[in-house]
Amino acid sequence: MRRKKIIQNSYFPTEEFYREFNLTWRYRGRIIQYVMIFLLSFISFIFILLKDYNFSFKYNIFLIVVLVFNFIHDRETSNYKRLLISCNHDVPTYVTTFDSNSILIETGNNKQEYDYSLIKKIIEGEHIMILKLPSRLGIIVDKNNMVEGTMSELRKLLLDKCDVKKIHKVPSYIDLLKAITSVFTIIVFCISLVLFITK
């Protein structure tokens, strides 16, 4: 019996695509990290006001290292590199079909089928949607490349079929929070460096 295709999505993995996947997957962790760095930078600024320049400077070196690590982590694309190795650099196009019973993912001659009950969480970013599965696996949807149906129809289908209450949307303020935290941390570091040298 021919499989009835209700909604279909397609995407071709690129390094930038997987970078967004990484950022979308851990968006809550990123918010916590940047808030913590900002608060720690503010504490360091308090030590400057208290004229403890030596501690403030050493403290800020640690914060700069943490900030740099976060920037590197944001650019991380190890998932894409593993994909390149697994497919011998011949990256396939992924076609995902959602019907009333299950989700079918086709890559060339390979097919994988998933039940909607496996989806534990749905995260929607600016360009992609991630359907989280057990064992840190996920199904990716390219919001800009719907073959059949619309994103609105897909959202409705997922909420009807999955055991999830809502779709978690990545807040648009994350990049602003990152920018504010980075600028503030660098300014505090520069102030502490000047005061440490000239004290």
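What counts as what
Residues numbered from 1 in each chain as written. Predicted model: local features only at pLDDT ≥ 70, side-chain atom pairs only at ≥ 80, totals over all residues. Heavy atoms only, no water. Core = buried A, V, L, I, M, F, W, Y, C linked by side-chain atoms within 4.5 Å. Buried < 20%, exposed > 50% of the residue type's maximum accessible area, 1.4 Å probe, protein only. Helix = DSSP H or I, 4+ residues; strand = E, 2+ residues; numbered from the N terminus. Contact = heavy atoms within 4.5 Å. Pairing = 2+ DSSP bridges. Axes fitted to C-alpha atoms, helices over the stretch in contact; angles between N-to-C directions. Arc of directions from axis to C-beta.

Novice: Teacher, can you tell me more about the nonpolar core here?
Specialist: Inside soluble globular proteins, nonpolar side chains tend to come together where they are buried. The biggest cluster of nonpolar side chains holds 35 residues, and the ones touching the most others in it are Phe-98, Ile-119, Leu-131 and Leu-158. Secondary-structure elements contributing two or more residues to this core are strand E1 (7–11), helix H1 (15–25), helix H4 (78–86), strand E2 (94–98), strand E3 (102–107), strand E6 (128–133), strand E7 (137–142) and helix H5 (151–161). Considering every element that reaches this core, the biggest residue donor is E6, with 5 residues. Here Phe-98 is in contact with Ile-6, Ile-7, Ile-103, Tyr-116, Leu-131, Val-141, Leu-154, Leu-157 and Leu-158, once residues within four sequence places are set aside. Grouped together as the second largest cluster of nonpolar side chains are 6 residues, Tyr-27, Tyr-34, Ile-123 and Ile-174 included.

Novice: Explain the sheet that holds strand E8 (residues 146–148) to me, please; I cannot follow it from the model alone.
Specialist: Strands in a sheet are paired, the pairing made by backbone hydrogen bonds, and the direction either parallel or antiparallel. The 5 strands lie next to each other as E4-E3-E2-E1-E8, forming an open sheet whose pairing is antiparallel. Of all the strands in the sheet, just strand E4 (110–115) and E8 have a single pairing partner and so form its edges. Between one strand axis and the next, the sheet turns through 20° on average, direction left out of account.

Novice: Explanation requested: the side chain of Asp-99 in the structure shown.
Specialist: Mapped onto the elements, Asp-99 comes out in the loop between E2 and E3. Under the relative-accessibility criterion, Asp-99 is labelled buried at 6%.

Novice: What exactly am I supposed to notice about H5 here?
Specialist: Side chains three or four residues apart in an α-helix point the same way, a direct result of the helix having 3.6 residues per turn. Restricting attention to buried positions, one finds in H5 the residues Met-151, Leu-154, Leu-157 and Leu-158. Down the axis of H5, the buried set is contained in an arc of 120°. They therefore lie on one face. Summarising the geometry of H5, the exposed residues directed more than 90 degrees from the buried face are Ser-152, Lys-156 and Asp-160. Elements that come into contact with the buried residues of H5 comprise E1, E2, strand E5 (121–124), E6, E7 and E8.

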